[in-house]
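So you can see what is in the structure, the chains are spelled out below.
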Amino acid sequence: MPSTTVTVGSSIGLHARPAGIIAEAVVASGVPVTLAVDGGEPVDAGSALLIMTLGATQGTEVTVSSDDTDVLARVAELVAADLDA
């Protein structure tokens, strides 16, 4: 499965608001996407709750994986964006 690693851009990490935005985009795409931090198990990016379990703070590297390269790029862009701005 194709993947890319990006740095979390949200100033207070992947908490409820950014996780919700990312999960909403994944669900709308209809394509499976996973997120993982180094040494952790991948989680379903379509679930805000599972995204929050990553404990990813600003600056944490997150691996985004999906078979759809367009969706992969969009989700990676969201993870890297400051969604709290």
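Residues numbered from 1 in each chain as written. Predicted model: local features only at pLDDT ≥ 70, side-chain atom pairs only at ≥ 80, totals over all residues. Heavy atoms only, no water.

### A look at the sheet that holds strand β2 (residues 34-37)
The strands that make up a sheet are held in pairs by hydrogen bonds between backbone atoms, and each pair lies either parallel or antiparallel. Strand order in this open sheet of four strands is β1-β4-β2-β3, and the pairing throughout is antiparallel. On the outer flanks of this sheet lie β1 (3-7) and β3 (43-44), each paired with one strand and no other. Two strands pair when backbone bridges link them, and β2 and β3 are joined in this way by two bridges, in the antiparallel orientation. By the bridge assignment for β3, L35 is matched with V43. Packing against the sheet, helix α3 (residues 69-80) makes contact with β1, β2 and β4 (61-65), and its axis sits at approximately 15° to β1. (Pairing = 2+ DSSP bridges. Helix = DSSP H or I, 4+ residues; strand = E, 2+ residues; numbered from the N terminus. Contact = heavy atoms within 4.5 Å. Axes fitted to C-alpha atoms, helices over the stretch in contact; angles between N-to-C directions.)

### With respect to the nonpolar core
Counting 25 residues, the largest nonpolar core has I22, L35, I51, V64, V75 and V79 as its most contacted members. In terms of residue count, the dominant contributor to this core is α3 (six residues). Apart from the residues within four sequence positions on either side, V79 is in contact with V6, T7, V8, G9, I22, L35, V62 and V64. (Core = buried A, V, L, I, M, F, W, Y, C linked by side-chain atoms within 4.5 Å. Buried < 20%, exposed > 50% of the residue type's maximum accessible area, 1.4 Å probe, protein only.)

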